[in-house]
Amino acid sequence: KWGHKSCRAPTADDLALIHAEHRFLVVSLVLLSLQLDVRTFHAPTQWGVDGSSQGAAIRQQLDFYLHLRRVLAKRTVWRPLVVFGDCNFDMSNVECPSVGGFQACAVDSSAAGSLVDVLHQFKLFAPSTFDEWHSGPRHTHFSELHGHRRIDFVFAPQSWKSGITASWIQYDLDLLAKTDH
């Protein structure tokens, strides 16, 4: 917990920018008591795409997750990998060791299988998708057209499963996108 005398909140000096490109940010977080490789991504969406463009939108998502594999592979292997992802789909039709069955709604996505393959390859899981850890509201996105959805996730190393005690959504944390996330 931040504030404990052996662990302080990170500052900008604790972060090193490793890589940045459209839809991706890669940083290392190094504190005396904690070292992590952190990846963030914002996946393309296929929602709201008309029938004639649906195939191209799906192909864009699948290509994105292939590229995500390459971005995740460029890392310091001995540091734990944590990924923050705006997936732009929910994973309610997926249940496996990386994704639990605790979801907000059921929407099928062609890209869900590609993301699950990435999670398995890098031994990651989404704690918020498991009912033994998550409490409170589950949605991270709202639109008039699609309603409430869970499309944003934190993916942690599977080796951390025994140390996870809780998952919840901190709604006042996202300061940039108040309209839908």
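All values derive from a computational prediction rather than experimental measurement.

Conventions adopted
Residues numbered from 1 in each chain as written. Predicted model: local features only at pLDDT ≥ 70, side-chain atom pairs only at ≥ 80, totals over all residues. Heavy atoms only, no water. Helix = DSSP H or I, 4+ residues; strand = E, 2+ residues; numbered from the N terminus. Buried < 20%, exposed > 50% of the residue type's maximum accessible area, 1.4 Å probe, protein only. Polar contact = N/O pair within 3.5 Å; in protein donor to acceptor, adjacent residues only side chain to side chain. Contact = heavy atoms within 4.5 Å. Core = buried A, V, L, I, M, F, W, Y, C linked by side-chain atoms within 4.5 Å. Pairing = 2+ DSSP bridges.

### Here we look at the side chain of S28
Then comes step 1: In this structure, S28 sits in strand β2 (residues 24-30).
Then comes step 2: Judged by its relative accessible area of 4%, S28 is buried.
Then comes step 3: Separated by 2.8 Å, the side chains of S28 and R79 make a polar contact.
Then comes step 4: Apart from the residues within four sequence positions on either side, S28 is in contact with D14, L15, A16, I18, L36, D37 and R79.

### A word on the nonpolar core
Then comes step 1: Counting 26 residues, the largest nonpolar core has F41, Y65, L68, C87, L115 and F155 as the members making the most contacts within it.
Then comes step 2: Every element with two or more residues in this core is listed here: β2, α1 (51-73), β4 (81-86), α2 (112-121) and β8 (152-157).
Then comes step 3: Leaving out residues up to four positions away in the same chain, L68 has contacts with F24, F41, L115 and V118.
Then comes step 4: Counting six residues, the second largest nonpolar core, distinct from the first, contains V27, L29, L31 and L36.

### Some remarks on the environment of F125
Then comes step 1: Relative to the elements of secondary structure, F125 occurs in strand β5 (residues 124-125).
Then comes step 2: Counting along the chain gives 33 residues from F125 to Q158, while the straight-line C-alpha distance between them is 5.7 Å.
Then comes step 3: Not counting chain neighbours up to four residues away, the residues in contact with F125 comprise P97, S98, F130, W133, V154, F155, A156, P157, Q158, K161 and I164.

### Brief notes about the pairing of β2
Then comes step 1: Taken across its seven residues, β2 has five buried, putting it largely inside the fold.
Then comes step 2: Two successive antiparallel strands, strand β1 (residues 15-21) and β2, enclose a turn made up of two residues, where R23 displays a positive phi of approximately 80 degrees.
Then comes step 3: One ladder, built from seven bridges, connects β2 with strand β3 (residues 35-42); its direction is antiparallel. Residue V26 lies in a different strand from β3, and its bridge partner there is R39.

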